[in-house]
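Chain by chain, the residues run as shown.
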Amino acid sequence: MLKLRCNSGTRIRTLQDPWIPGKGNYLLSARGNVTADEIPQLVCDLMNEDTCKWNSALVSRLFDEEDYAAILNIPIPYSHVADRLVWDFTKDGQYTVKSGYYKELLIKDAGVDSHSYFPSLRKSEWKVLWQLKIPSKIRIFIWKLLHKGIPIAEGLNFRIKSNLNCPHCHEKEDIHHMLFNCDFARRTWFLSDLHLISGQIPNQTFDVIWSNFLSNLHSAAEREWFLSVFAFNAWSIWKARNSAVFKDSSWTIEDTTSYARQSKKDYDEANAAQLSKVTATEKKFRKCKTRHLSRSPLLSDAITIQYDGGISKETQSGSVAGIAFNNSGQSLGSFARSFRGMWDPGIVEFLALREASSWAKFNGWNNVIFEGDAIQVSKSVNSGACQITDAWGLCQDIWLLSNSFNHTEFRWIKRGLNKEAHKLVQLEKAQFRRYSSINGVS
């Protein structure tokens, strides 16, 4: 559960210590024809100290393909940053009681994958849930379903050693049974506006089912209608279940579908009425207020550097770029470079800011404003607490480099305002792709 986050590599034993991300035991696997004597004792000896890069030829010769790719994806800080012991079940590497509790449950629950309590949804799939036009209480209910966080019989029996079952059919109750497989739920879904045959839904975790729904809904309008109706009916099934458990009052199938249908109608009407209250005067006020949000540099000689990062799965590399402007908006130059094996999107965005900071120092600029469209990077650097464990060493570099300037700011800007840096990244990716193809590098 604890692993070592490699930074300088001076305190990590290559084969004995857990430090490889993405592996169950975090330990390296040497190639079959490699003996232990050929492998350096410390991880730092796998690095090129002068270039702050991995010795890719050595790493490739000693370890299998999976470990080779994992090692090259670990960024090496410019500064001598100590290796850290981190908790691998939170993004920032800090232990929390909640993450420890879930992990302990998973250890006791035989046959359950170690990450199954953490939904496998992509960022875009979460965004759909947050933008769905449903009441907050139903949105939180869906969120809890995705995290296996609702108190049904399966979980309660495990925690308090009770002997509870489904209140409708008295069979074993888990999330899938309660929501889709119980005869009460099946009949409810069929009579709903979706006319869903829930018995045909595979017995998978709810996050997988939710993702499958999204992949089969192609237009935004279709997605909004289906998922909102689904959410109201799921909430109604949950309400009917709780009424039977806690109030000893059973809802009929018709009661359940009618409740879902009426709740959605009431919410849509209330939402439409609220939107109609936005007057022309209020719109004008918002427009005027927006104008005052534009910011200009605090100092007349400040340099603004816009930076960006991107990855290429084809070449398994990350590319970063930046462009500098003076206070008059005149371009002062740009940089771009690529890093083979470094293709984690989150890490590459931090890498882009570090390279922009290093470039600014090389140019001797004293008052610098850094602008990027990755909000996680700006928040981490400004707060002094890195939100991604694997980028912690890069944050240390950025903070140390910022001490070289008289004045620095780290701002987040929208993607549309970062077009120049984004174009440079795309050009660098294309150039690196051509270079890799010509030189036969995969």
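In this text the structure is predicted, and so the values were computed from the model without any measurement.

**Description of the overall build of the protein**
In terms of helices and strands, the protein carries 16 helices and nine strands. Taking all 442 residues of the protein together, 45% fall into the buried category. Across the protein, the fraction of contacts at a sequence separation of at least 24, relative to all contacts at a separation of at least 6, is 65%. Total accessible area on the protein stands at roughly 23900 Å², and carbon and sulfur atoms take up 52% of it.

**Quick notes on helix H16 (residues 419-438)**
Helix length check: H16 (20 residues) gives 29 Å between terminal C-alpha atoms against 28 Å at 1.5 Å per residue, within 8%. Among the residues of H16, those classed as buried are Ala421, Val425, Glu428, Lys429, Phe432 and Ser436. Burial along H16 is one-sided: seen end-on, the buried residues are contained in an arc of 105 degrees. The exposed residues of H16 that point more than 90 degrees off its buried face are Lys419, Leu427, Arg434, Ser437 and Ile438. On its buried face, H16 sits against strand E5 (303-312), strand E6 (317-325) and strand E7 (331-340).

**Re the pattern of salt bridges**
Two side chains bearing opposite charge may form a pair once their charged atoms approach each other closely. Per the counting criterion, the structure on display carries 17 salt bridges. Where arginine 433 meets glutamate 314, a salt bridge forms, and the shortest distance between an N and an O atom there is 3.3 Å. Of this pair, arginine 433 sits in helix H16 while glutamate 314 is found in the loop between E5 and E6, placing the two residues 119 residues apart along the sequence. Using a relative accessible area of 29% as the deciding quantity, one classes arginine 433 as partly exposed. Taking the relative accessible area as the measure of exposure, glutamate 314 reaches 62% and is therefore exposed. A salt bridge links aspartate 397 to arginine 354; the nearest nitrogen and oxygen atoms lie 3.0 Å apart. Of the two residues, aspartate 397 is situated in helix H15 (residues 392-402) and arginine 354 in helix H13 (residues 345-362); the sequence distance between them amounts to 43 residues.

**A look at the packing of aromatic side chains**
Each aromatic ring pair is characterised by the separation of its centres together with the angle its planes make. Per the counting criterion, the structure on display carries 21 aromatic pairs. Above the ring of tryptophan 392, the side-chain terminus of arginine 84 is found at 4.2 Å from the ring centroid. One residue, arginine 354, lies across the ring of tyrosine 78, its end atom 3.7 Å from the ring centre.

**Quick notes on the nonpolar core**
Of all hydrophobic cores here, the largest spans 44 residues; its most connected members are Ile142, Trp189, Phe206, Trp210, Leu227 and Phe230. At the level of secondary structure, the elements contributing two or more residues to this core comprise helix H4 (123-131), helix H5 (136-146), helix H7 (175-181), helix H8 (183-191), helix H9 (206-215), helix H10 (220-246) and helix H11 (253-276). Sorting elements by how many residues they give to this core places H10 first, with eleven residues. Sequence-distant contacts of isoleucine 142, defined by excluding residues within four places in its chain, comprise Leu129, Phe206, Trp210 and Ala231. Counting residues in hydrophobic clusters, the runner-up holds 32 residues, among them Tyr307, Met342, Ala356 and Trp365.

**What to know about the sheet that holds strand E8 (residues 367-372)**
A sheet is described by the order of its strands in space; here five strands give the open sequence E7-E6-E5-E8-E9, paired in mixed fashion. At either end of the open sheet lies a strand with only one pairing partner, and these are E7 and strand E9 (407-412). Adjacent strand axes in the sheet meet at a mean angle of 20 degrees, parallel and antiparallel pairs treated alike. Bridge count between E5 and E6: nine bridges; the pairing is antiparallel. Of the residues in E6, the one forming a bridge with isoleucine 311 is glycine 318. Against the sheet, helix H14 (residues 375-383) contacts E5, E8 and E9, and its axis sits at roughly 145 degrees relative to E9. The sheet contacts of H16 involve E5, E6 and E7, and relative to E6 the element is tilted by about 140 degrees.

**Describing a nonpolar patch on the surface**
A contiguous nonpolar surface patch, about 290 Å² in accessible area, is contributed by Phe190, Leu191 and Ile197. Along the chain, phenylalanine 190 falls in helix H8.

**Overview of the environment of threonine 205**
Counting through the fold element by element, threonine 205 comes out in the loop between H8 and H9. The partly exposed category is assigned to threonine 205, whose relative accessible area is 28%. In this structure the C-alpha to C-alpha distance between threonine 205 and serine 120, which are 85 residues apart in sequence, comes to 9.9 Å.

The rules behind the values
- Residues numbered from 1 in each chain as written.
- Predicted model: local features only at pLDDT ≥ 70, side-chain atom pairs only at ≥ 80, totals over all residues.
- Heavy atoms only, no water.
- Helix = DSSP H or I, 4+ residues; strand = E, 2+ residues; numbered from the N terminus.
- Buried < 20%, exposed > 50% of the residue type's maximum accessible area, 1.4 Å probe, protein only.
- Contact = heavy atoms within 4.5 Å.
- Areas by Shrake-Rupley, 256 points an atom, 1.4 Å probe, with all protein chains shown as cover.
- Expected span 1.5 Å × (residues − 1).
- Arc of directions from axis to C-beta.
- Salt bridge = Lys/Arg side-chain N within 4 Å of Asp/Glu carboxyl O.
- Phe/Tyr/Trp six-rings, centres within 6.5 Å; stacked < 30°, edge-to-face > 60°.
- Lys NZ or Arg CZ within 6 Å of the ring centre and 35° of its normal.
- Core = buried A, V, L, I, M, F, W, Y, C linked by side-chain atoms within 4.5 Å.
- Pairing = 2+ DSSP bridges.
- Axes fitted to C-alpha atoms, helices over the stretch in contact; angles between N-to-C directions.
- Patch = residues over 30% accessible without salt bridge, like charges linked within 9 Å, V, L, I, M, F, W, Y side chains within 5 Å.

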